[in-house]
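Geometric and topological summary
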Amino acid sequence: MAQLIAGGAMKSGIDCVVIGGGVAGLMIAARLAGAGMSVRLIERDLLGAGATTSNHGLIHSGALYARWHPEIVATCAQAQIAYRTAFPDCVVATQPCWYYGTPETMHTYRRLWRRHDIVNHRVDGREINEILRVHGRDVAACATSELVIDTHALLNDLAAHCVVLGVEIVVGVKAARILLEDRRVHGVATAQGLTCAPIVVVCAGIGTRALLDDAGSMIGTALSSRLEMLTAYPGVLSRPLIGLEFGWPALAPTATGVVLASRYGGVQPAVTKAGRWPVPTGEAAALDAELRDWLAPGIIEHGRASAWVCSKTEHLGTDADRWGTSPNYAVIDHTYREQLHGLWTVLPGKMTLAMHASREVAIAITGTALPLAMTAGRAAPGDACGLVAGQPWVSESMQEAR
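A brief report on the enclosed structure follows. Once a new chain begins, its residue numbering starts again from 1 and follows that chain's sequence as written. Reporting of local features is limited, given that this is a predicted model, to residues whose pLDDT is at least 70; pairs of side-chain atoms are given and counted only at 80 or more, and all residues count toward the totals for whole chains, interfaces and linings. Excluded from the side-chain calculation are hydrogens and water; included are all heavy atoms of the structure.

Strands here are runs of E lasting at least two residues and helices are runs of H or I lasting at least four, both read from the DSSP assignment and numbered beginning at the N terminus. How far a helix is expected to stretch is found by multiplying one less than its residue total by 1.5 Å. Helix length check: helix H9 (residues 354–366), at 13 residues, gives a terminal C-alpha distance of 18 Å against a target of 18 Å (1.5 Å per residue), a fit within 8%. Every buried residue of H9 is accounted for by Ala 354, Met 355, His 356, Ala 357, Ser 358, Val 361, Ala 362 and Ile 365. Residue contacts are defined here by distance: any two heavy atoms, one from each residue, within 4.5 Å place the two residues in contact. Each element contacted by the buried residues of H9 is listed here: helix H1 (23–34), helix H2 (73–86), strand E13 (199–202), strand E20 (330–333) and strand E21 (343–347). Once H9 finishes, Gly 367 follows within two positions and takes phi at roughly 70°, a positive value. Only protein chains enter the accessibility calculation, which uses a 1.4 Å probe; a residue whose area is less than 20% of its type maximum is buried, one above 50% is exposed, and one in between is partly exposed.

So, on to the pattern of salt bridges. Salt bridge, as used here: a side-chain nitrogen of Lys or Arg that lies within 4 Å of a carboxyl oxygen of Asp or Glu. Enumeration over the complete set of coordinates arrives at nine salt bridges. In this structure, Arg 40 and Glu 168 form a salt bridge, with 2.6 Å as the shortest nitrogen-oxygen distance. Taken together, the positions of Arg 40 in strand E3 (residues 39–43) and Glu 168 in strand E9 (residues 168–171) put the pair 128 residues apart, joining distant regions of the chain. An identical accessibility class is assigned to Arg 40 and Glu 168; each is buried. Note that Glu 314 is salt-bridged to Arg 226, the shortest N-O span being 2.6 Å. Of this pair, Glu 314 sits in strand E19 (residues 306–315) while Arg 226 sits in strand E14 (residues 223–234), and the two are 88 residues apart along the sequence. Arg 226 sits in the buried class, given a relative accessible area of 11%.

The phi torsion at Asp 182 lies on the positive side, around 50°, for a residue other than glycine. Along the chain, Asp 182 turns up in the loop between strand E10 (175–181) and strand E11 (184–190). In this structure, Gln 339 takes a positive phi of about 55° despite not being glycine. Among the secondary structure elements, Gln 339 is positioned in the loop between helix H8 (334–338) and E21. The class of Gln 339 is partly exposed, set by a relative accessible area of 44%.

This part covers H2. Relative to the 20 Å expected for 14 residues at 1.5 Å per residue, H2 spans 20 Å between its end C-alpha atoms, a close match to the ideal helical length. Buried residues of H2: Val 73, Thr 75, Cys 76, Ala 79, Gln 80, Ala 82, Tyr 83 and Ala 86, and no others. The inward-facing, buried residues of H2 abut H1, strand E4 (58–59), strand E8 (147–148), helix H5 (151–164) and H9.

Geometry of aromatic contacts follows a simple scheme: Phe, Tyr and Trp rings, the Trp one being its six-membered ring, pair when their centres are within 6.5 Å, and the pair is stacked under 30 degrees between planes, edge-to-face over 60, tilted otherwise. Tallied over the entire structure, the rule returns nine aromatic pairs. Both rings, one in Trp 308 and one in Trp 393, keep their centres 5.8 Å apart while their planes meet at 35°; by these two values the pair is tilted. In this pair, Trp 308 sits in strand E19 while Trp 393 sits in the loop between H9 and helix H10 (396–401), placing the two residues 85 residues apart along the sequence. In textbook terms, an aromatic cluster arises when at least three aromatic residues are bridged by ring pairs, as seen for Trp 68, Phe 246 and Tyr 264.

Counting 50 residues, the largest nonpolar core has Tyr 83 and Ile 169 as the members making the most contacts within it. Among the elements that line this core, the one with the most residues is H1, at nine residues. Apart from the residues lying within four places of it in its own chain, the contact partners of Tyr 83 are Val 23, Met 27, Ile 59, Pro 88, Leu 147, Ile 149, Leu 154, Met 351, Thr 352, Ala 354 and Met 355. Put simply, a nonpolar core is a bunch of buried Ala, Val, Leu, Ile, Met, Phe, Trp, Tyr and Cys residues held in one set by side-chain atoms that sit within 4.5 Å of each other. In terms of nonpolar packing, the next biggest core, distinct from the first, is built from 26 residues, Val 123, Ile 128, Ala 143 and Trp 248 among them.

Whenever a helix is involved, its axis is fitted only over the stretch in contact; in every case the axis is a line through C-alpha atoms, and angles between N-to-C directions fall within 0 to 180 degrees. Closest axis-to-axis distance for the H1/H9 pair is 9 Å, and the angle between their directions is 35°. Handedness of the crossing formed by H1 with H9: right-handed. Packed against H1, whose contacting residues are Val 23, Ala 24, Met 27, Ile 28, Arg 31 and Leu 32, the element H9 presents Ala 354, Met 355, Ser 358, Arg 359, Val 361, Ala 362, Ile 365 and Thr 366 at the interface. Ten residues, namely Ala, Val, Leu, Ile, Met, Phe, Trp, Tyr, Cys and Pro, are considered nonpolar, four, namely Asp, Glu, Lys and Arg, are considered charged, and the remaining ones, Gly among them, are considered polar. When grouped by side-chain class, the residues that make up the contact of H1 with H9 number 10 nonpolar, two polar and two charged. In this scheme the crossing of two helices becomes right-handed for a clockwise turn of the near helix relative to the far one and left-handed for an anticlockwise turn of less than a right angle.

Below you can see the structure in the form of structure tokens.
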């Protein structure tokens, strides 16, 4: 059933429709409304039900990308400061992240980190052995500052802020079509009717391509969606751990006594449309076996693991790497690209870069200078009660373990 929060009376004609209620969509809606526009946000599920609530919650310093994607290192560093400034109550308190790998790999990264002024220090071998069971492996580690965000708290904060700014938030309603006349946007059609607006911003993740294709855009052919498997375990971990060798485990703590795990450079099959994807049980079992081998006893409870699959959608620009990934954000003005007036597409690439993507599109639409950090006053999270999706690892078994 559709739910609605309105900052005033429901209006049939408004300035802008934002399609997609993840972190980037909410940021875009808040920035546009803060600049004086009337905005309606449409989300087919609950807010954040896609990639936002399904990821590690890491807001990167850029350290992870120094080797393969140096073009986003500075952007990540700026975003991390902006998140820490704008959403201090959403930060999961942790100790510095440990990046670990072979001594040769760590030497390469440390050299690159110096080039990018990323502060780091070597981790003593005795400390490593308190968490990682290296079993004679030649492993080195370095610590640097990474930010872990409680994504559920972040979505509540953003949604409540949108309500205060007058954004109309509609959940449980799918955007069926973007309507154009003479190559100009005039609204969005849903099963509940038509919303008239001269500007539409598509920020719908894996659902973006279908909307663009239907609107006659050619941009969808440059989009790539892939799947990533994550697992969650009840446990206590004081810091993120990220293996820098392909296939090594990456882990992050949460605010709820759960540890999230994935595989750096793991298999990420391509997909073309939204759906419910089965968890690859063989891959989940293999990751669990490796975690048993890597982690010291007592850090996670292996018998209570939960696994899921989520999608990532990117615009494949010139910075696509040899694995076909392109983590940079994209803001596409369809007026400039293909003479579809009033249509914009935003792909944040990753949650870290949603700050940059939302600011760029808001500046382009409003012509108003905006800071990177969203520093406007916040509302009580209760104002958005019931609109935000739960995190996929919050199940009965997980609750019993906490």
